[in-house]
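Single-letter residue listing:
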Amino acid sequence: GMNRVLGWHTRIGDAGLRLAYLQLLWIIHTLLGAVVFGASPATAAVFAVLRRDRMEADGWAGAADRPSVWREFHDEWRSELVSANVIGVVLTAGWAVVVYDHRLLRAVDMGVAGPALQGVLWLLTLLLLVMSSTVFVLHAHFAESPGRILRRSAVLTIARPVLALMCAAVLAVALGLYYLLPGLGIVFGVVAPAFAIVGYVWQTGVLPRASADAVPLPPSRDGAGATTDLSKETSRV
């Protein structure tokens, strides 16, 4: 019994250290990209590493054959400099519009239309929160263009509302805690919600798996030239 408890403590300690190290790598790479161009690829890299952790834990073929965390993170960050930033710009623009509109509706009397507009705006805010919480999981899993990943994230909200709301709740709780306790945000920032979201989405089975013994298929291309429904592992082999 005691050994099992110690085993758990060791595992939790190791996981905590790994997450703290990933957060440190996130901060370094965000600064490497002069913050504006660094944050989105660094976030994408966090999700990519955490997803590979899940694959390794599930015994995916080749998933255990990995470089050092620094190398894996840095390579992901570099390869996502363009696509993750496209996603980041779209989300940032969305939040800017939503925040501005919330302020506008509070400042200007819209009369009878007021409550209806407020309702629509809150729905849009919720959709944006869901997309912000799910887009990087999908980005890590699918070898597709940023536009298709953003569309996937929006579709997921409608197709899997419970999953979408759970991811949004994780992000909302994390942001709320960081607002109340800024120190937490520095230590666990992006990594804690990412860890929870990746773990949750992974165990729902919504992400297609490459079976361990199957021969990887060549990427199937659609009209947009993006890979359809194949995980990055299958489509990049």
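Residues numbered from 1 in each chain as written. Predicted model: local features only at pLDDT ≥ 70, side-chain atom pairs only at ≥ 80, totals over all residues. Heavy atoms only, no water.

*Asks:* When you look at the overall build of the chain in this model, what are you seeing that I'm missing?
*Replies:* The number of helices and strands found in the chain is 10 helices and 0 strands. Of the regular secondary structure in the chain, the N- to C-terminal order runs α-α-α-α-α-α-α-α-α-α. Within the chain, the proportion of its 237 residues that are buried is 41%. Put simply, of all contacts in the chain between residues at least 6 apart along the chain, 70% involve residues at least 24 apart. About 13,000 Å² of surface is accessible on the chain, with carbon and sulfur atoms providing 70% of the total. (Helix = DSSP H or I, 4+ residues; strand = E, 2+ residues; numbered from the N terminus. Buried < 20%, exposed > 50% of the residue type's maximum accessible area, 1.4 Å probe, protein only. Contact = heavy atoms within 4.5 Å. Areas by Shrake-Rupley, 256 points an atom, 1.4 Å probe, with all protein chains shown as cover.)

*Asks:* Where do I start with the side chain of Glu72 in this structure?
*Replies:* Looking at the secondary structure, you find Glu72 in helix α3 (residues 69–79). Sequence-distant contacts of Glu72, that is, excluding residues within four places in its chain, are made with Val49, Arg52, Arg66 and Pro67.

*Asks:* Even after reading the chapter, I still don't get the layout of surface pockets, so can you show me in this structure?
*Replies:* It is a probe the size of a water molecule, rolled over the atoms, that shows where empty space is left. The volume enclosed by the largest pocket comes to roughly 920 Å³. Around the largest pocket, the lining comprises 33 residues; the ones closest to its centre are Thr43, Ser132, Leu171, Leu175 and Val190. Among the secondary structure elements, those contributing two or more residues to the lining of the largest pocket are α1 (2–32), α2 (39–57), α4 (83–107), α5 (114–141), α7 (161–180), α8 (182–188) and α9 (191–204). No other element matches the 7 residues that α5 contributes to the lining of the largest pocket. Split into classes, the residues belonging to the lining of the largest pocket amount to 22 nonpolar, 11 polar and no charged. (1 Å grid on protein atoms, 1.4 Å probe; cavity = no way out; pocket = protein on both sides within 12 Å on 5 of 7 lines; lining within 4 Å. Points joined across faces, edges and corners; volume = space filled by probe spheres on them. Nonpolar A, V, L, I, M, F, W, Y, C, P; charged D, E, K, R; others polar.)

*Asks:* Just checking my understanding: could you explain empty space enclosed by the protein for this structure?
*Replies:* By the definition in use, this model includes 1 cavity of 30 Å³ or more. If you trace the largest cavity, you find it lined by Phe47, Arg51, Val137, Ala140, Val198, Trp202 and Leu207. For the lining of the largest cavity, the secondary-structure elements that each account for two or more residues are α2, α5 and α9.

*Asks:* Explain the nonpolar core here, please?
*Replies:* In summary, soluble globular proteins display a tendency toward joint burial of nonpolar side chains. In this structure, Leu22, Val46, Phe47 and Phe73 are the most contacted members of the largest nonpolar core, which totals 42 residues. Counting residues per element, the ones that place at least two in this core are α1, α2, α3, α4, α5, α6 (146–159), α7 and α9. A per-element tally of this core places α2 first, with 8 residues. Apart from residues no more than four positions distant in its own chain, Leu22 is found in contact with Val46, Val49, Leu50, Val69, Phe73 and Val191. Counting residues in hydrophobic clusters, the runner-up holds 5 residues, among them Leu129, Val130, Ala168 and Leu171. (Core = buried A, V, L, I, M, F, W, Y, C linked by side-chain atoms within 4.5 Å.)

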